[in-house]
Amino acid sequence: MTDFTQSSWFANPAEGPDQNAFEGAFPMYGRAYHQNPAAAFDEMRRHGPVVPILLEGDVPGWLVLGYRELRYVLSNPKLFVRDSRYWNQWDNIPPDWPLMAYVGYQPSMLFEIGEAHERRAGAVSEALAAADQFELRANCERVTEGLINTFIGSGRADLMAQYANPIPLLVLGSMLGLPDADTRALVGEVATTLNGGPAAMEAYGRVQAIMTGLLELKRREPGPDLPSRLLAHPANLTDEELIQDLLLTMTAGHDPTATWIGNTLQLMLTDDRFAMTLSGGRRSVGQALNEVLWKEAPGQIAIGRWPIMDTQVGGRRIKAGDLLVSGLAAANLDPKVRPDFHEGSVGNHAHMSFGYGAHGCPHPAPEIAEIIAHIAVETLLDRLPDVVLAVPQSSLEWRSSIQMRSLESLPVEFTPGYRI
């Protein structure tokens, strides 16, 4: 059992402009945090709804743990801006900082504020909303059935590598109108980009090249797809805006949805409440999906917000330009709002797993993600009705990611079947 006592969990004071404020800051890195973030959040919560933290490299910030406090921050985009250029720590951040991908300013709608953000996010929302729901469902079924066919005859599979991880990109590739060859290439390149390391930037460049070629294709041959709708949108997005926002839509839709699928399968394979009984009393896939969003949220945190003036949140004095980290999973676990799923509370959807406010996931992205995840889980359980974990639950390893709560692998066994 991990020990999160003050002596083992608290770190040395952070270097920075206000060193006293970060005395006893919590380090949000290392195996102890990655394997059991919920225990870390519980310990932090004893010190208030907003706590000082150290990100990798001992970079200081504030983690907003409380549900009420997080809603306040995310509901005030004019005070707590998304534009990372307001950060007061840039002089202390090396260019190769491991978390640079999350804070380095890019001309995407993620970092825009005010009317510029509304214009671009509105265009993406309308383009997504125009997607044919029947076609989306049919494509999800085709993708999931096809992936299951690749391993159903073996009786064994890693449901993360062979199933959950490829599904969202394959479905999104179709929504983007990508040729099959580019979609297959994109799956590998995006995975390399998300893994970080020396190869990440080269892979990102190749992803950009694919998206640039896609725009050129859709100008010549528009179709019923997301890029064509954005090219025709009255917001008149520039090529740079289109490429950045298509990349953001794709990457933001991929990893969280794949993780949602994997975490839901893990829950249904390990929790007796979701086991099939003779009376057919198994709780539904929809209930499992909702429970995961509360208890094992795919996106644990979101970096970040920066106040444009000195302010207070949760009793803490926050300086202008300090980094605020949104504790999405921690807010979901706040005892003041957390549902009791063992008592059958399944209808509460007020979680923070899709963010909140102006910079939350744009409508209808959460609904699209839910369609993909629901079909993925339901199809697998229908095709492999006797699927079980191939290893003890205690041996499952979680990715060393500060942002995502995702399994490294999910090995399973089942009775070999036939391709359809």
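Going by the structure above, here's the rest.
Residues numbered from 1 in each chain as written. Predicted model: local features only at pLDDT ≥ 70, side-chain atom pairs only at ≥ 80, totals over all residues. Heavy atoms only, no water.

**Student:** Explanation requested: the nonpolar core in the structure shown.
**Tutor:** The nonpolar side chains of a soluble globular protein tend to be buried, and buried together. The biggest cluster of nonpolar side chains holds 73 residues, and the ones touching the most others in it are Phe-151, Leu-159, Tyr-163, Ile-167, Leu-230, Ile-261 and Leu-380. Sort the elements by how many residues they give to this core and helix α13 (residues 239–270) lands first, with 11 residues. Residues within four places of Phe-151 in sequence aside, it is in contact with Arg-156, Ala-157, Leu-159, Gln-162, Tyr-163, Leu-380, Leu-384 and Phe-414. Formed by 29 residues, the second largest nonpolar core is a distinct cluster that contains Phe-26, Ile-53, Trp-87 and Ala-330. (Core = buried A, V, L, I, M, F, W, Y, C linked by side-chain atoms within 4.5 Å. Buried < 20%, exposed > 50% of the residue type's maximum accessible area, 1.4 Å probe, protein only. Helix = DSSP H or I, 4+ residues; strand = E, 2+ residues; numbered from the N terminus. Contact = heavy atoms within 4.5 Å.)

**Student:** Is there a simple way to explain the sheet that holds strand β10 (residues 388–389) in this structure?
**Tutor:** The strands making up a sheet are joined through hydrogen bonds of the backbone, oriented either antiparallel or parallel. Taken in spatial order, the three strands make up an open sheet running β5-β11-β10, and their pairing is antiparallel. Two strands close off the open sheet at either side, each with one partner strand: β5 (156–158) and β10. Of the strand pairs in this sheet, β10 and strand β11 (residues 411–413) are connected by two bridges, and their pairing is antiparallel. Among the inter-strand pairings, Val-388 is bridged to a residue of β11, identified as Glu-413. (Pairing = 2+ DSSP bridges.)

**Student:** Please explain the pairing of strand β3 (residues 59–64) as it appears in this structure.
**Tutor:** In the case of a regular strand, side chains alternate between the two sheet surfaces. Across the six residues of β3, six count as buried, placing the element largely inside the fold. Here β3 shows two buried faces, one formed by Val-59, Gly-61 and Leu-63 and the other by Pro-60, Trp-62 and Val-64. Bridge count between strand β2 (residues 50–55) and β3: six bridges; the pairing is antiparallel. From the neighbouring strand, Val-50 faces β3, where its bridge partner is Val-64. Taken together, β2 and the strand that follows it, β3, pair antiparallel across an intervening segment of three residues, in which Gly-57 is found at a positive phi of about 85°. Both β3 and strand β9 (residues 324–326) contribute to a ladder of three bridges, which runs parallel. Looking at the pairing, Trp-62 lines up with Leu-324 of β9.

**Student:** Quick question: what am I supposed to make of the packing of α13 against helix α16 (residues 365–383) here?
**Tutor:** Two quantities define a packed helix pair, namely the angle between the helix axes and the distance between the axes. The interhelical angle for the contact between α13 and α16, taken along N-to-C directions, is 40°, at an axis separation of 9 Å. As judged from the angle between their axes, α13 and α16 are oblique. Taken as a pair, α13 and α16 cross one another with a handedness that is right-handed. Between α13 and α16, the residues in contact are Thr-257, Trp-260, Ile-261, Thr-264, Leu-265 and Met-268 and Ala-369, Glu-370, Ile-372, Ala-373, Ala-376, Val-377, Leu-380 and Leu-381, respectively. Looking at the contact of α13 with α16 residue by residue, the class counts come to 11 nonpolar, two polar and one charged. (Axes fitted to C-alpha atoms, helices over the stretch in contact; angles between N-to-C directions. Parallel < 35°, antiparallel > 145°, perpendicular 65-115°, else oblique. Left-handed = near helix turned anticlockwise from the far one by under 90°. Nonpolar A, V, L, I, M, F, W, Y, C, P; charged D, E, K, R; others polar.)

**Student:** When you look at the packing of aromatic side chains in this model, what are you seeing that I'm missing?
**Tutor:** Two aromatic rings, taken as a pair, are described by how far apart their centres are and by the angle between their planes. Enumeration according to the criterion identifies 10 aromatic pairs in this entry. Seen from their ring centres, Tyr-33 and Phe-41 are 6.2 Å apart, and the 75° between their planes marks the pair as edge-to-face. Grouping residues by exposure puts Tyr-33 and Phe-41 together as buried. Their ring planes at 75° and their centres at 5.8 Å tell us that Tyr-72 and Phe-80 sit as a pair that is edge-to-face. Given a relative accessible area of 37%, Tyr-72 falls into the partly exposed group. Residue classification places Phe-80 among the buried residues on the basis of a relative accessible area of 1%. Among the aromatic side chains, those forming a connected cluster through ring pairs are Trp-87, Trp-90, Trp-97 and Trp-306. Directly above the aromatic system of Tyr-105 lies the positively charged group of Arg-85, at a separation of 3.7 Å from the ring centroid. (Phe/Tyr/Trp six-rings, centres within 6.5 Å; stacked < 30°, edge-to-face > 60°. Lys NZ or Arg CZ within 6 Å of the ring centre and 35° of its normal.)

Nothing here speaks to function; it is all geometry.
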